[in-house]
Amino acid sequence: LAWWRLGGLAASNLLAGILVIRRVSAILEHDTQTAKMLHESEQRLQLALSGAYEGTWDLDIVTGKIKFDSQWGNILGYSSEQERPHSFEEWAALIHAEDRDHVLKSMSDHVAGQAAEYKVEYRIRSRSGAIKWGAGHGRAVSRDPEGKALRVVGTTRDIALKKEVEN
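All of the points below concern the structure found in this document. (Residues numbered from 1 in each chain as written. Predicted model: local features only at pLDDT ≥ 70, side-chain atom pairs only at ≥ 80, totals over all residues. Heavy atoms only, no water.)

### Focus on a nonpolar patch on the surface
Now for step 1: Taken together, the side chains of V20, V24 and L28 define a hydrophobic patch exposed on the protein surface, amounting to about 260 Å² of accessible area.
Now for step 2: Counting through the fold element by element, L28 comes out in helix α1 (residues 2-51). (Patch = residues over 30% accessible without salt bridge, like charges linked within 9 Å, V, L, I, M, F, W, Y side chains within 5 Å. Areas by Shrake-Rupley, 256 points an atom, 1.4 Å probe, with all protein chains shown as cover. Salt bridge = Lys/Arg side-chain N within 4 Å of Asp/Glu carboxyl O. Helix = DSSP H or I, 4+ residues; strand = E, 2+ residues; numbered from the N terminus.)

### Some remarks on the environment of H96
Now for step 1: Relative to the helices and strands, H96 is located in the loop between α3 (88-94) and α4 (97-111).
Now for step 2: A sequence separation of 35 residues divides H96 from I131, and the C-alpha atoms of the two residues are 7.7 Å apart.
Now for step 3: If sequence neighbours within four positions are ignored, H96 has contacts with R123, I124 and I131. (Contact = heavy atoms within 4.5 Å.)

### Quick notes on the packing of aromatic side chains
Now for step 1: Tallied over the full model, the rule gives five aromatic pairs.
Now for step 2: Look at W91 and Y122: their rings are 6.2 Å apart centre to centre, the planes differ by 90°, and that puts the pair in the edge-to-face class. Of this pair, W91 sits in helix α3 while Y122 sits in strand β3 (residues 118-125), placing them 31 residues apart in sequence.
Now for step 3: The rings of F68, W72 and Y78 are connected pair by pair, giving a single aromatic cluster.
Now for step 4: A cation over an aromatic ring shows up here: K163 above the ring of W133, its NZ or CZ 4.3 Å from the ring centre. (Phe/Tyr/Trp six-rings, centres within 6.5 Å; stacked < 30°, edge-to-face > 60°. Lys NZ or Arg CZ within 6 Å of the ring centre and 35° of its normal.)

### A closer look at the sheet that holds β3
Now for step 1: Pairing in this open sheet of five strands is antiparallel, and the strands run β2-β1-β5-β4-β3 from one edge to the other. Each end of this open sheet is capped by a strand with a single partner; those strands are β2 (66-68) and β3. Direction aside, neighbouring strands of the sheet carry axes that sit 25° apart on average.
Now for step 2: By the bridge criterion, eight bridges tie β3 to strand β4 (residues 131-143) in an arrangement that is antiparallel. From the neighbouring strand, R125 faces β4, where its bridge partner is I131.
Now for step 3: Sitting on the sheet, α4 touches β1 (54-60), β3, β4 and β5 (149-158), and the angle it makes with β3 is about 150°. (Pairing = 2+ DSSP bridges. Axes fitted to C-alpha atoms, helices over the stretch in contact; angles between N-to-C directions.)

As structure tokens, this is what we get:
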């Protein structure tokens, strides 16, 4: 009787194991498909941004760390990630002195929850030292319970041609 019960227990454990393996395999297959779809979506986004002369950035308000994508680097001549600014202060230092206060106030107002978005046109120094016009647009993607932004993501668009037409 004990042998029969142990045999039944082993068979039920084996069946449960097979079901778990099938479920894990299905989850892994779904994750693989999701990763493929995400990669394809990212490729389409990069193509659209490059055609629009826009680069993306991601600012962690708490640490002050900022990440710029390669398209942002291309617009301003920063070919490698190491050359691009890595902190909010490094980025702010590139903004033309006459525009800096306005740009920082716009970001500050948005971070504090006083403005729905960060949106501003400004001049910025490229890697070569040339001054270029950019349009920054961003929104907080997470906020603390008091409404202060914790993370802001956005784009920077090259608007040199627009400024030439305006002049």
